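If you want the building blocks of each chain, they are given just below.
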Amino acid sequence: MTEVIAGDGAALSEELQAMRAALFPPVAQKTLRSFSSLESAKLIGIADAYLRQLSLNGKGPQPAVTPNGRRSYTLDQINEIRAVLDENSKGRRYVPRRRGDEHCQVMAVVNFKGGSGKTTTAAHLAQYLALQGYRVLAVDLDPQASLTALHGYQPEYDVAANETMYAAIRYDDERRPMSDVIKPSYIPGLDLVPGNLELMEYEHETPRALAERSSEPFFGRVATALGTVSDNYDVMVLDCPPQLGYLTLGALCASTGLLITAHPQMLDIMSMCQFLLMASDLLGVVQDSGGDLDYDFIRYVVTRFEPQDAPQTQMVGFMRSLFRERVLTNTMLKSTAISDAGLSKQTLYEVGRENFSKNTYDRAVESLDGVNSEIEGLIRQAWGRAA
Ligand SMILES: Nc1ncnc2c1ncn2[C@@H]1O[C@H](COP(=O)(O)OP(=O)(O)OP(=O)(O)O)[C@@H](O)[C@H]1O
Ligand SMILES: [Mg+2]
């Protein structure tokens, strides 16, 4: 029996590798598209006419111009313009990075319901924040490593042994500094800690370490490792596996904000109920053992929402009546633009509008921007800024 499984696994792996090679360019070629002047002006938070004037006046970088006169900017250029604007601005800040005693925000995206939209939420949030000009670290804590794949690294081929978060939290003397496992992404301002199956080791090794009681307990290790690099980032986004194991508990203890994804259907909500009850039990034990659980905010994110579906709308209403302001006002709509982009290992922020029907694309982006800007507002509030 095991040979059958092993054989099928090997055959599938080979086929997938061939499909990937044919469909997706290697990592080195994955680059971020540039942004139209309208998109760029929106990202910076100024009028398109003003952005044009800046370029005409020779202030900041010059955009690429197509033969038909369309201007476009790279994200590096957009960041340069933000800095130029800050030099001359008295009040308003265009570079949003944290300053003074504003603490690094760590967002854990959790729920043990598989497919509830954790990775989609985490990836779009991390990229959205990087596009806004924050310094972001995305951490893949799921052995399935979908977040890693979405960022152009193939978990089984591009991520070697001891190159995941496990390396920075393991109990033995193979442990590595956190900074060793951070990889740049092709998006300026966004770094990635990739994942792969090796992360499972943490679930196996922790019981042994607990019995020996010799090292820092499991729940503090993610926080400790992330703490060593937090000076370099404004926000960290942790994509958790669909289970309440030691890694997820470590993420829950490391985070300053919790995002619980929920697809508004009865079975999913029942599963989420189990998750909440079990998580509170486990976290109670962790807290009694000295674990730190102090959140700036906890929010439910409604994912893959179909507003025209009456039972789903009812379920969202039910959640709002129970959890009130803890359910984000904006919802992530179900959209073929999001799932289609996912098929080619991209987020909707990476693919251009030209790849979809305009309505489909605009509706999806509007919904994602709504969710992400609301979360950005919570982060800014936690820093004591106006949302
Ligand atoms: N808003 C959306 N519209 C359409 N499809 C979506 C949307 N959000 C997620 N999906 C799709 O649903 C599937 C599951 O989403 P995702 O991988 O984000 O869930 P997950 O909670 O991370 O899953 P897992 O528990 O396996 O890690 C993916 O194929 C994704 O492309
Ligand atoms: Mg996932």
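Because the structure is predicted, anything quoted here is derived from the model rather than measured. Here, residues in each chain are numbered from 1, in the same order as that chain's written sequence. Whichever chain is written first is A, and whichever ligand is written first is 1; the rest continue in order. Local features in a predicted model are, by the rule used here, given only for residues with pLDDT of at least 70; side-chain atom pairs are given and counted only at 80 or more, and totals for whole chains, interfaces and linings are based on all residues.

Draft legend 1. Up close: the site of ligand 1. For ligand 1, the set of nearby residues contains 19 residues, the closest of which are K118, T119, T120, P242 and G342. Each helix is a run of H or I in the DSSP string that is no shorter than four residues. Each strand is a run of E no shorter than two, and both are numbered from the N terminus. Mapped by element, the contributors of at least two residues to the shell around ligand 1 are helix 5 (118–132) and helix 13 (336–343). All amino acids are sorted into three groups, where Ala, Val, Leu, Ile, Met, Phe, Trp, Tyr, Cys and Pro are nonpolar, Asp, Glu, Lys and Arg are charged, and the leftover types, Gly among them, are polar. Its residues assigned to classes, the shell around ligand 1 shows 3 nonpolar, 12 polar and 4 charged. In this analysis a residue is considered near a molecule or strand if the C-beta atom, reconstructed from its backbone, is found within 6 Å of that molecule or strand.

Draft legend 2. Spotlight on the sheet that holds strand 3 (residues 71–73). DSSP bridges decide pairing: two strands pair if at least two such bridges lie between them. The 3 strands lie next to each other as 1-3-2, forming an open sheet whose pairing is antiparallel. Two strands in the sheet have a free side with no partner beyond their single neighbour: strand 1 (35–36) and strand 2 (64–65). Sheet topology note: the strand 2/strand 3 ladder contains 2 bridges and is antiparallel. Within strand 3, the residue paired with V65 across the bridge is R71.

Draft legend 3. Fine view of helix 13. Among the residues making up helix 13, those that are buried are A337, I338 and A341. Looking straight down helix 13, one finds that the buried residues subtend no more than 100° of arc, so they occupy a single side. Seen from the open side of helix 13, the exposed residues pointing more than 90 degrees away from its buried face are T336 and L343. Two residues form a contact once the distance between their C-beta atoms, set from the backbone, is within 7 Å. The elements touched by buried residues of helix 13 are helix 5 and helix 14 (358–382). Immediately beyond the C-terminal end of helix 13, within one or two residues, lies K345, with a positive phi of roughly 55°. In this scheme every C-beta is placed from the backbone, and a residue whose C-beta has 20 or more other C-beta atoms within 10 Å is buried, one with 12 or fewer is exposed, and one in between is partly exposed. Along the arc lie the directions from the helix axis toward the C-beta atoms.

Draft legend 4. Broad picture of the packing of helix 2 (residues 37–44) against helix 4 (residues 75–88). To get an axis, a line is fitted to the C-alpha atoms, and for a helix only the part in contact is used. The angle between two axes follows their N-to-C directions and goes from 0 to 180 degrees. One way to put it is that helix 2 packs onto helix 4 with a least axis distance of 10 Å and a crossing angle of 45°. Looking at the two axes, helix 2 sits oblique to helix 4. Relative to helix 4, helix 2 is oriented so that their crossing is right-handed. Contacts between helix 2 and helix 4 involve S40, L43 and I44 from the former and I78, I81 and R82 from the latter. The residue inventory of the contact of helix 2 with helix 4, partitioned by class, reads 4 nonpolar, 1 polar and 1 charged. Working rule for angles: under 35 degrees goes down as roughly parallel, over 145 as roughly antiparallel, 65 to 115 as roughly perpendicular, anything else as oblique. With the far helix as reference, a near helix turned anticlockwise by less than a right angle produces a left-handed crossing, and one turned clockwise produces a right-handed crossing.

Draft legend 5. Region of interest: the pairing of strand 4 (residues 105–110). With respect to burial, strand 4 is a largely interior element, 6 of its 6 residues being buried. Both faces of strand 4 are covered, namely the face carrying Q105, M107 and V109 and the face carrying V106, A108 and V110. With 5 bridges joining them, strand 4 and strand 8 (residues 235–239) adopt parallel strand pairing. Bridged to A108 within strand 8 is L238. Relative to strand 9 (residues 257–262), strand 4 runs parallel, the two being bridged by 4 bridges. Across the sheet, the residue bridging to V110 is I260, located in strand 9.

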